[in-house]
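What the coordinates show
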Amino acid sequence: MVMDEEDDADDVNSASPSRGGGGVDVRALRREVEEDARAMIRLLLSASSTPGMKRMRAALPRSMSHLELSVALCSDEYIRSLNAGFRSKDSATDVLSFPAESFGPMAVLGDVVVSVDTASRQAEEVGHSLRDECRVLLVHGTLHLLGLDHELSEADAEVMAAAEQEVLSALGWKVTGLTRRASGDADGVDVSIQRRVLVVDLDGTLLNGKSVITPRTADALRRALASGVEVVVATGKARPAAIRAAATAGLSGSRGIVGNETPGVFLQGLEVYGRGGALVYEASMSQDVTRDAFIMMQDVVHKGLALTAFCGDTCATLASSSLLDELHHTFHEPESEVVPSVDDLLATRGVRKLLLMGPSKASIDGVRSIWEAAFKGRAEVTQAVPTMLEILPLGNDKSRGVMKLLHSMNVNPQMDVCAVGDGENDAEMLRVVGCGVAMSNASEKTKAVADHVLEASNDEDGVAEAIDRFVL
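None of these values were measured; they are calculated from a predicted model.

1. Details of the packing of aromatic side chains
All chains considered together, the criterion is met by three aromatic pairs. Measuring from ring centre to ring centre gives 6.0 Å for Phe266 and Tyr273, while their planes differ by 55 degrees; the resulting arrangement is tilted. Given the relative accessible area of 0%, Phe266 is considered buried. Above the ring of Tyr273, the side-chain terminus of Arg239 is found at 3.8 Å from the ring centroid. In this arrangement the basic side chain of Lys353 is found over the ring face of Phe310, its NZ or CZ atom lying 4.6 Å from the centre.

Take a look at the structure:
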């Protein structure tokens, strides 16, 4: 249940029933908070089995038929009286929690009391909406009801900070948790605990417009490696191409960020290698999709475009093209070998994915809907670079490959991982980790799901900014 002071017999709010101090529409805010509280309860009742959610649910009955949470919205004056009476602190605060008892299958979490006055001030200071600030306080207060307490020790504070971010991320709320925010500066810039793993995309993210790693970004990567952070490349490129790209800054090989013995996600998650270079996951394109794709290239609408098949560490096509030469020389991909026919290609090679390349963004945008319609329910169509369209085996994407890799490494994606990307193919990858960071040049889809959006682009050392802000 969600209530505010006008529902309380001891109401001390002198504001009118519909407007709070500072012109806040309390009735509208109440509806928003009730909606958010219900979402929080649904999450606690969900089947999510992440370590963080398991820890939070440990305080609840194993079998629940009912879960109750009360949220009260009040004024500074009212929360000050509660703070004085129950904690001997004669001052207003932002949120207080009062745990209750659980009886059999009925779990009664207790009460979360939020001061709208303080929440309004904090929202203005941080630079987000009042609803976002109430979300931060709701999660913070509810975790207290579940037994987490950041005031016990530094280690407990880290656990609670990670739990807050896990819940906020799971609910799709793009805000920083109160515990983590409190450890930052007065402007609300969060200082997180060091992440164990940095997952980074290449084209449009780590590589600049010239497809090289800049000196400042290379220095940040070396500092991360030296501090014990494991850097994992997650890219649409073939592994040899990723190694060549990293070599532009001397970061290839076993002591760099990508090599034949390092973990990595390649070909949009279709080839995944774990520690030591062992193959963890692979997926192949169905032959009928490959055959139909090359037949489609005979249509006049595809004049001026080029199609190549990625076959592990090699590429194959039916016709040479200056576009595929560019793919090799500029984007570091394997040179596309011309084969006589699709039958020859399928007989001698296993195709992982297909890549359609055009001379401009408009040339690809103009045919994308055709490819999506042709392969609906048969393959995935995605995009990493504006002048390219990629066709993947059905049910696969980069995020799936990343999760396969993290599982093999025994790494918690919510608590231990920061991922940085830009393309639409990176969106889901950013969503499934605890700290998803989008470049300033990222697609709108990717920015929408990211926890943080950088001010810098791939031409402005954005990955270096991400490493300094969210990793080290």
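2. Side note on the sheet that holds strand 9 (residues 279–282)
Strands belonging to one sheet form pairs held by backbone hydrogen bonds; the direction of such a pair is parallel or antiparallel. Pairing in this open sheet of eight strands is mixed, and the strands run 9-8-7-6-5-16-17-18 from one edge to the other. Every other strand in the sheet has two partners, leaving strand 9 and strand 18 (452–453) as the edge strands with one partner each. Two strands pair when backbone bridges link them, and strand 17 (residues 435–438) and strand 18 are joined in this way by two bridges, in the parallel orientation. Counterpart to Ala438 in the pairing with strand 18 is Val453.

3. A short note on the pattern of salt bridges
Counting across every chain of the model gives 29 salt bridges. Here Lys398 and Asp201 are joined by a salt bridge, their closest N and O atoms 2.9 Å apart. One end of the pair, Lys398, is in helix 14 (residues 398–408); the other, Asp201, is in the loop between strand 5 (197–200) and helix 8 (215–226), and 197 residues separate them in sequence. The burial state of Lys398 is the same as that of Asp201; both residues are buried. Put simply, Lys447 and Glu444 hold a salt bridge, and the shortest N to O gap is 3.9 Å. Residue Lys447 and its partner Glu444 are located together in helix 17 (residues 444–449), separated by three residues, close to a single helical turn. A relative accessible area of 24% places Lys447 in the partly exposed class. Note on Glu444: relative accessible area 59%, which makes it exposed. Salt bridges linked by common partners bring Glu35, Asp36, Arg131, Asp132 and Arg135 together as one network.

Conventions used here
Residues numbered from 1 in each chain as written. Predicted model: local features only at pLDDT ≥ 70, side-chain atom pairs only at ≥ 80, totals over all residues. Heavy atoms only, no water. Phe/Tyr/Trp six-rings, centres within 6.5 Å; stacked < 30°, edge-to-face > 60°. Buried < 20%, exposed > 50% of the residue type's maximum accessible area, 1.4 Å probe, protein only. Lys NZ or Arg CZ within 6 Å of the ring centre and 35° of its normal. Pairing = 2+ DSSP bridges. Helix = DSSP H or I, 4+ residues; strand = E, 2+ residues; numbered from the N terminus. Salt bridge = Lys/Arg side-chain N within 4 Å of Asp/Glu carboxyl O.

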